[in-house]
Amino acid sequence: MKILAIDLGKRRSVGCNYEADGTRIGYVSVDTTPQALHDLIVKSAPDRVVIEVGPQAGWVHDLVTSLEIEIEVANPSHEAWRWRKVRNKSDRKDALKCARLSASNQLPTVHMPSRDVRDWRESIAYRCALRTRRTAIKNSIRAILTRLALPMANGSSAWTKKSLAYLHELATIDDGELWRASLAEELIQLETVERSITRIERELERRAHQDERVALLRTIPGVGPRLSETIVAVIDEPRRFRRSRQVASYVGLTPRQFQSGSMDRQGRISGQGHRLLRSLLVQVAWLGLRNNPWMREVYERVRRGTDSRKKIAIIAVARRLLIRCWAMLRDGTRWRDAGRVSLRLAA
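Enquirer: With reference to specific residues and values, describe the overall build of the protein.
Expert: Helix and strand counts for the protein come out as 12 helices and seven strands. For the protein, the spread of C-alpha atoms along the principal axes amounts to about 75 × 60 × 45 Å. Looking at the protein as a whole, 42% of its 347 residues are labelled buried. If you take every contact in the protein between residues at least 6 apart in sequence, the share linking residues at least 24 apart comes to 53%. With an accessible surface of roughly 20,100 Å², the protein has 49% of that area assigned to carbon and sulfur atoms. Side chains of the protein carry 63 positive and 39 negative charges; the gap between the two charge centres is 7 Å.

Enquirer: Lay out the nonpolar core with the relevant residues and their values.
Expert: A general tendency of soluble globular proteins is for nonpolar side chains to be buried together. Grouped together as the largest cluster of nonpolar side chains are 62 residues, with contacts concentrated most on Ile141, Leu227, Ile231, Leu281 and Leu321. Those elements that place two or more of their residues in this core are α4 (115–147), α5 (161–172), α6 (178–209), α7 (212–217), α8 (225–235), α10 (275–291), α11 (293–303) and α12 (310–331). For this core, the element with the most residues is α12, which contributes 14 residues. With near-sequence residues (within four places) excluded, Leu281 lies in contact with Leu227, Ile231, Val251, Leu253, Ala318, Leu321 and Leu322. Counting 18 residues, the second-largest nonpolar core is a separate cluster that includes Leu40, Val49, Val64 and Ile69.

Enquirer: Give me the packing of aromatic side chains: which residues, what numbers.
Expert: In the structure shown here, the tally under the stated rule is three aromatic pairs. Seen in terms of ring centroids, Trp294 and Trp335 are 5.4 Å apart; in terms of plane orientation they differ by 80°. Their pairing is edge-to-face. Of this pair, Trp294 sits in helix α11 while Trp335 sits in the segment after α12, and the two are 41 residues apart along the sequence. Side by side, Trp294 and Trp335 carry an identical accessibility label, which is buried. For Arg207, the ring lying beneath its charged end belongs to Trp120, and the centroid distance is 3.9 Å. Lying over the aromatic face of Trp326, Arg330 brings its terminal NZ or CZ to 4.7 Å of the ring centre.

Enquirer: How would you summarise the environment of Asn75 if you had to cite specific residues and measurements?
Expert: Mapped onto the secondary structure, Asn75 falls in the loop between β5 (70–74) and α3 (91–103). The exposure class of Asn75 is buried, given its relative accessible area of 19%. Separated by 11 residues in the primary sequence, Asn75 and Val64 place their C-alpha atoms 18 Å from one another.

Enquirer: Explain the sheet that holds strand β3 (residues 25–31) to me, using residue names and the numbers behind them.
Expert: To summarise the sheet geometry, strands pair through backbone hydrogen bonds and adopt either a parallel or an antiparallel arrangement. The five strands lie next to each other as β3-β2-β1-β4-β5, forming an open sheet whose pairing is mixed. What marks the edges here is a single partner per strand, and that holds for β3 and β5. Strand after strand, the sheet turns through a mean of 20° between neighbouring axes, direction not considered. Sheet strands in contact with helix α2 (residues 57–66) are β4 (48–52) and β5, and its direction is about 165° off that of β5.

Enquirer: Tell me about the packing of α8 against α12, and name the residues and values.
Expert: It is at 11 Å that the axes of α8 and α12 come closest, and there the two elements cross at 70°. By the criterion of interaxial angle, the relationship of α8 to α12 is roughly perpendicular. Crossing of α8 over α12 shows right-handed handedness. Contacts between α8 and α12 pair Leu227, Ile231, Val232 and Ile235 from the former with Leu321, Leu322, Cys325, Trp326 and Leu329 from the latter. Tallied by class, the residues present in the contact of α8 with α12 amount to nine nonpolar, no polar and no charged.

Enquirer: Please give an account of the pairing of strand β2 (residues 12–19) that cites residues and values.
Expert: The buried fraction of β2 amounts to six of the eight residues, a majority that puts the element mostly inside the structure. Note: strand β1 (residues 2–7) against β2, six bridges, orientation antiparallel. For Leu4, the partnering residue across the bridge sits in β2 and is Asn17. Count of turn residues in the β1/β2 antiparallel hairpin: four residues. Alignment of β2 against β3, held across seven bridges, turns out to be antiparallel. Counterpart to Tyr18 in the pairing with β3 is Ile25. Following β2, the chain reverses through five residues before pairing antiparallel with β3; Gly22 in that reversal takes a positive phi of roughly 75°.

Enquirer: Pulling in residues and values, what's your account of α4?
Expert: Taking 1.5 Å as the rise per residue, α4 with 33 residues should run 48 Å; its terminal C-alpha atoms sit 48 Å apart, in good agreement. Immediately downstream of α4, the backbone of Ala149 shows phi near 60°, a positive value.

Enquirer: Outline the pattern of salt bridges, listing residues and values.
Expert: Counted under the stated rule, the structure contains 20 salt bridges. In this structure, Arg24 and Glu19 form a salt bridge, with 3.8 Å as the shortest nitrogen-oxygen distance. When its relative accessible area of 39% is taken as the criterion, Arg24 is described as partly exposed. The salt bridge partner of Glu229 is Arg127, with a shortest N-O separation of 2.6 Å. One end of the pair, Glu229, is in helix α8; the other, Arg127, is in helix α4, with 102 residues separating them in the sequence. For the pair formed by Glu229 and Arg127, the shared burial category is buried. Taken together, the shared-partner salt bridges connect Asp116, Arg207, Asp211 and Arg213 into one network.

Parameters and conventions
Residues numbered from 1 in each chain as written. Predicted model: local features only at pLDDT ≥ 70, side-chain atom pairs only at ≥ 80, totals over all residues. Heavy atoms only, no water. Helix = DSSP H or I, 4+ residues; strand = E, 2+ residues; numbered from the N terminus. Buried < 20%, exposed > 50% of the residue type's maximum accessible area, 1.4 Å probe, protein only. Contact = heavy atoms within 4.5 Å. Areas by Shrake-Rupley, 256 points an atom, 1.4 Å probe, with all protein chains shown as cover. Lys, Arg positive; Asp, Glu negative; His and termini not counted. Charge placed at Lys NZ, Arg CZ, Asp CG, Glu CD. Core = buried A, V, L, I, M, F, W, Y, C linked by side-chain atoms within 4.5 Å. Phe/Tyr/Trp six-rings, centres within 6.5 Å; stacked < 30°, edge-to-face > 60°. Lys NZ or Arg CZ within 6 Å of the ring centre and 35° of its normal. Pairing = 2+ DSSP bridges. Axes fitted to C-alpha atoms, helices over the stretch in contact; angles between N-to-C directions. Parallel < 35°, antiparallel > 145°, perpendicular 65-115°, else oblique. Left-handed = near helix turned anticlockwise from the far one by under 90°. Nonpolar A, V, L, I, M, F, W, Y, C, P; charged D, E, K, R; others polar. Expected span 1.5 Å × (residues − 1). Salt bridge = Lys/Arg side-chain N within 4 Å of Asp/Glu carboxyl O.

Here is the structure:
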C-alpha cells in the first residue's frame, strides 16, 4: 500500500510518500492551496492519504474524497500520537510518523463530518464566542462604574431598557472626563454584539427547524433548542458509536482510570472532547432537576443524601442524559419517562 501523509501548514505543507513495507520514503513541499494539494495527490497516486485534524482538514478531506481516495484524519491529542522528550521535531517527522502509524493500523483517527455539519458546528461555536464577548463587555462596563462608585443594578436588571438609558445618559454628559468616552465605546460594542447574536441565532433557529432530530430531542423535558442542536451537530452519525461509554468518552464525561497492580481507582472526568457540549449538558442537568423527574431521580440516587457528592451526581445526570439522547437519535424514538430506553450496551 502506498500512503501519502501530509503535514498541513498555514502556507506550506510537507508530504511524505511512504510504502507500507518501508522500502521507499520520499518528501515533497507544496503550497497549502487546493490546486497545489490536488496536483500533489494526483501525481503521487496514493492508496491512502493521511492528515492531522486542524483548520484545513475539512476542505482537504473533501478534496481527497472527491478523488475517490481513502483518507484518514489523525487525532494529534491522542496518547499514542503525542511527542514526549523529543528534541528534534519537524514537519517531515510529523508526516513520517502519520504514515507509519497508518501503515500499522495504529493511527488514532477522528470522524470528519460533512461540510454542512462542519458549518453548523462552527456557527454554534461562534454564537458561544459572541456570548462570551458580550459578557466581557458587560463586565467592563460594571468595572468602569465600580471604579467611580456609581450605582448600577444587579444581575439582569442592569441591562433592561431603563438601565441602558441610564448608562447612555452617563456616557453623553459633556464634562471632559475620559471615562465617559470609554463607557460610550463599550455601549456601542454591546449593541453591536447583541445584534450579531440576534442574527446568528436567527440563522441557527432556521437550520434547527429543518432537522427532525432536533425536534426529537426537544421532546425531553428541560431540554431546549441550544442543547438539542449541539448534540445533533456533534454526534452527527449516532451509529458510529457502538456503545454508550464511547459516546460519554467522546464528550469527556467518563472518569479517568488509574490502575497499577492491586490498585484500581477512578478519578475525575477526563475533560476531553467537545467542551461546549459538556458545559451545556451540565447546565441543563442542573436546570432539569426542577422539571424532569427522571433527572431528579438519578441525581438523588447518586448523591446518596450527601452534599459532598453533588458535583458527582450532576455529572452522572449529564452523562446519562447524553446517552439517552444518543439512543433516541440512533433509534429515532421520542422521550419516554416510564421504562428504560434500550441502549444495547456491549458487555
